[in-house]
Amino acid sequence: TESGKKASLKCFNNAEEFSREAKHLHQVSLNPRLFEELNYFSVTEQEANAPQGIRIKYCVSVNTSKMSLARVVAGMPKEHKYRSDMNLLSRYFGKAKSILHLIAEALGELHNAGIAHGNIDSHHIGKFGEDWKVTGILGSAVNGERFASARLGLHSPPETFQSCSPLLSADPTVDVWS
């Protein structure tokens, strides 16, 4: 990005795909203290079989985190010294409490906007500078719409897998299950 931050780029080949995965996020004002930063733009390409010879691609750049909470947790073996040092243990629990509070605040904001994340887990909590934020919000869905099947995984509620095709309507309870 212009500010020197790392970012990934997701481009959508058509407006329908963009609408399903990203447009709803562009239409709400999410707190940048709680969520990864998204920037929206479109690119036009010349194409012979497109109307008027122009094809529009919708793109979103997503600032990427330094590390995920999953990486931090994986790096803490059970025999780590924080377990026997009450000062370190207290600091660890204090930090864990602040991160869990942030996750709850972010989910509350998302749910109040009528959006379900659909894939909350430790891999989708990232560190940006000194701040922790919820990541992976592209692909979230407006309540009542269906999540893309690729969005669902190990942390999805059991009812997702009761049929042969894993489809689930977006609802805040999906995030609470995670």
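What you see is a predicted model, and the numbers here were worked out from it, not measured in a lab. Starting afresh in each chain, residues are numbered from 1 along the sequence in its written order. Given that the model is predicted, a residue must reach a pLDDT of at least 70 before its local features are reported, and side-chain atom pairs must reach 80 or more before they are shown or counted; all residues, however, enter totals for whole chains, interfaces and linings. To obtain the side-chain values, all non-hydrogen atoms of the structure were used and water was disregarded.

Draft legend 1. Broad picture of the overall build of the protein. Only DSSP runs of H or I reaching four residues or more are called helices, and only runs of E reaching two or more are called strands; each is numbered from the N terminus. In terms of regular secondary structure, the protein is built from four helices and eight strands. The order of helices and strands in the protein, counted from the N terminus, is β-α-β-β-β-α-α-β-β-β-β-α. Between buried and exposed lies partly exposed: a residue is buried under 20% and exposed over 50% of the maximum accessible area for its type, with that area taken using a 1.4 Å probe on protein chains only. Across the 178 residues in the protein, those meeting the buried criterion constitute 36%. Two residues qualify as a contact provided that any one of their heavy atoms is within 4.5 Å of a heavy atom in the partner residue. Contacts in the protein between residues at least 24 apart in sequence constitute 61% of all its contacts with a sequence separation of at least 6. Exposure was quantified through the Shrake-Rupley algorithm and a 1.4 Å probe, taking into account, for residues, occlusion by the shown protein chains and nothing else. For the protein, the computed accessible surface area is about 10,900 Å², with 54% contributed by carbon and sulfur atoms.

Draft legend 2. Quick look at helix 3 (residues 86–112). The end-to-end C-alpha separation of helix 3 is 38 Å, in line with the 39 Å expected for 27 residues at 1.5 Å each. Directly after helix 3, the chain includes Gly 114, whose backbone phi takes a positive value near 80°. Multiplying 1.5 Å by the residue count of a helix minus one yields the expected span of that helix.

Draft legend 3. How the structure looks around the pattern of salt bridges. The rule for a salt bridge is simple: a side-chain nitrogen of Lys or Arg has to be within 4 Å of a carboxyl oxygen of Asp or Glu. Applying the stated rule across the entire model yields two salt bridges. A salt bridge links Arg 33 to Glu 105; the shortest N-O distance between them is 2.4 Å. Highlighted residues: Arg 33 in the loop between helix 1 (15–26) and strand 2 (38–46) and Glu 105 in helix 3, separated in sequence by 72 residues. Among the residues examined, Arg 33 registers a relative accessible area of 42% and is labelled partly exposed.

Draft legend 4. Up close: the pairing of strand 6 (residues 125–128). Because side chains alternate across strand 6, one face comprises the buried residues Ile 125 and Lys 127, and the other comprises Gly 126 and Phe 128, equally buried. Strands are labelled as partners when DSSP assigns at least two bridges between them. Relative to strand 6, strand 4 (residues 67–68) is paired through two bridges, and the arrangement is antiparallel. Residue pairing across strands places Met 67 opposite Lys 127, the latter belonging to strand 6. Both strand 6 and strand 7 (residues 131–134) contribute to a ladder of four bridges, which runs antiparallel.

Draft legend 5. Up close: the environment of Asn 39. One can find Asn 39 in strand 2. The sequence separation of Asn 39 and Val 62 amounts to 23 residues, and the corresponding C-alpha distance is 6.7 Å. In contact with Asn 39, other than residues within four places in its own chain, are Cys 59, Val 60 and Ser 61. Here Glu 37 takes part through its side chain, which lies 3.3 Å from a polar atom of the side chain of Asn 39. Definition of a polar contact: a pair of N or O atoms within 3.5 Å, with one able to donate and the other able to accept a hydrogen when the atoms are protein atoms, and with sequence-neighbouring residues admitted only if both atoms are side-chain atoms.

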